[in-house]
Amino acid sequence: MSLYRETMESRLLFGVPAKGRIFEATEAFLREAGVAIVGQAGRGYFGHLDGFPEVAVAFLPASEIALALERGELHLGISGKDLLHENIEAPGESLALIEDLGFSRADLCIGVPKSWIDAEDMDDLDDIARDFYTKHRRLLRVATKYPRLTRQIFGGHGVDMYRIVASLGATEGAPRAGLAEVVVDITSTGATLDSNGLKRLKDVCWSSQAQLAASRSAPWSKAALELAKEPLNKISVHLSRDGNLWLKNLIQNIKT
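Every chain is numbered on its own, with residues counted from 1 as its sequence reads. It should be noted that, the model being predicted, local features are given only for residues of pLDDT at least 70 and side-chain atom pairs only at 80 or more, the latter also being counted only at that level, while totals for whole chains, interfaces and linings use all residues. Just so you know, side-chain values use all the structure's heavy atoms and leave hydrogens and water out.

1. Considerations on the confidence of the model for the chain
Here is step 1: Every residue is assigned a pLDDT by the predictor, reflecting its confidence on a scale from 0 to 100. Of all residues in the chain, 93% have pLDDT values of 70 or greater, and the mean over the chain is 90.
Here is step 2: Across the chain, the element-wise mean pLDDT spans from 58 in helix α1 (residues 5-10) up to 97 in strand β8 (residues 140-144). The numbering of helices and of strands both runs from the N terminus, where a helix is a DSSP run of H or I of at least 4 residues and a strand a run of E of at least 2.

2. Considering helix α7 (residues 147-156)
Here is step 1: The classification of residues rests on relative accessible area computed with a 1.4 Å probe and restricted to protein chains. Under 20% of the type maximum is buried, over 50% is exposed, and intermediate values are partly exposed. Taken as a whole, α7 has its buried residues at L149, T150, I153 and F154. What you see down the axis of α7 is that its buried residues fit within an arc of 125°, all on one side. It is the directions from the helix axis to the C-beta atoms that the arc portrays.

3. Describing the sheet that holds strand β3 (residues 46-49)
Here is step 1: Read across the open sheet, the 7 strands follow the order β2-β3-β4-β1-β5-β12-β6; overall the sheet is mixed. Each end of this open sheet is capped by a strand with a single partner; those strands are β2 (37-38) and β6 (95-100).
Here is step 2: Pairing between strands requires that DSSP locate at least two bridges from one strand to the other. Alignment of strand β5 (residues 76-80) against strand β12 (residues 210-215), held across 5 bridges, turns out to be antiparallel. Bridging across to β12, G80 finds its partner in A210.
Here is step 3: Residue contacts are defined here by distance: any two heavy atoms, one from each residue, within 4.5 Å place the two residues in contact. Between the N-to-C directions of two axes lies an angle of 0 to 180 degrees, each axis being a line fitted to C-alpha atoms and, for a helix, fitted only over the stretch in contact. Running at roughly 130° to strand β1 (residues 12-17), helix α2 (residues 20-32) makes contact with β1, β2, β3, β4 (52-60) and β5 of the sheet.

4. A look at unusual backbone geometry
Here is step 1: The residue S104 is not glycine, and still its phi comes out positive at about 55°.
Here is step 2: Looking at where S104 falls in the secondary structure, it is placed in the loop between β6 and β7 (106-113).
Here is step 3: With relative accessibility at 30%, the residue S104 sits in the partly exposed group.
Here is step 4: Of note, S240 is a non-glycine position whose phi angle comes to about 60°, a positive value.

5. Details of the packing of aromatic side chains
Here is step 1: Stacked, tilted and edge-to-face pairs are distinguished by plane angle, under 30 degrees for stacked and over 60 for edge-to-face with tilted covering the rest, among Phe, Tyr and Trp rings (Trp via its six-membered ring) whose centres lie within 6.5 Å. Applying the stated criterion across every chain yields a total of 3 aromatic pairs.
Here is step 2: Here F23 and F59 contribute two aromatic rings whose centre-to-centre distance is 6.3 Å and whose plane-to-plane angle is 75°, an arrangement assigned as edge-to-face. Here F23 is found in helix α2, whereas its partner F59 is found in strand β4, with 36 residues between them in sequence. Across the pair, F59 and F23 agree in class, each one buried.
Here is step 3: Between F154 and Y162, the ring centres sit 4.6 Å apart and the planes meet at 50°, which makes this aromatic pair tilted.
Here is step 4: What makes F154 buried here is its relative accessible area of 1%.

6. What about the environment of A224?
Here is step 1: For A224, the position within the fold is in helix α9 (residues 222-238).
Here is step 2: Taking relative accessible area as the criterion, A224 reaches 2% and is therefore assigned buried.
Here is step 3: When the C-alpha positions of A224 and L12 are compared, they lie 5.2 Å apart, and in sequence the two are 212 residues distant.
Here is step 4: Excluding anything up to four places from it in sequence, A224 contacts L12 and H75.

7. Some points on the packing of α9 against helix α10 (residues 243-253)
Here is step 1: Running from amino to carboxyl end, α9 crosses α10 at an angle of 140°, the nearest separation of the two axes being 8 Å. Of the possible angle classes, the one that applies to α9 and α10 is oblique. Pair α9 / α10 crosses with right-handed handedness. Seen from α9, the contacting residues are L225, K229, L232, I235 and S236; seen from α10, they are G243, W246, L247, L250 and I251.
Here is step 2: Taken together, the residues of the contact of α9 with α10 break down into 7 nonpolar, 2 polar and 1 charged. For classification purposes, an angle smaller than 35 degrees is called roughly parallel, one larger than 145 roughly antiparallel, one from 65 to 115 roughly perpendicular, and anything else oblique. Working rule for handedness: look at the near helix, and if it is turned counterclockwise from the far one by less than a right angle, call the crossing left-handed; if clockwise, right-handed. In the scheme used here, Gly and all other residues not listed as nonpolar or charged are polar, with Ala, Val, Leu, Ile, Met, Phe, Trp, Tyr, Cys and Pro taken as nonpolar and Asp, Glu, Lys and Arg as charged.

Given below as structure tokens:
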């Protein structure tokens, strides 16, 4: 049932990003909330929360945290909101999305060449895509690591004359490399888009940040819920939220 079945039966399992800026920001956030991570970060390693030795911390790539929560292999986890929505078809159904945490903020934006003077919003992009097909007899190529979110954004604006090109490297460089005409990528400042000769469309930026989530399908025992109570309370106090309401909603949204 779980990668960590034995651990889940005896502890509460909390997934945090294993490395990178989101790990550093998560570590700082939990420390400030009074539930610091104790133990060595790294794939395959476990730590725990300071003062709560039975709350095991699993260090995983942020994208794997999303999938592990969906599969019920973690009780709680912190990951990017973009990753939760990209990797899970209906995150609001398989997860209890507890709270946005206010750090690791970034926007999923659409970048087009600066030379496209008339491209300012999605209506313009729709016109460009249709003209592009008429002229070249092929669909506009959109490079991204976020195909699910891209389809949602484009579909929401009625743009359908395009095809997605999977990005395996630096997405912003795809147009200059001749691999795509448009990109959809996560950015915090837009500087990388700018340095690659791209500009952001004005009316579309999907906002992301770190998010605390709980699995609906994990083996939530009464003991696991009890173990979650105090850490969640400390985090909620740090965010000026109502921890009792969090727990009430959590109990309503999980299988026990």
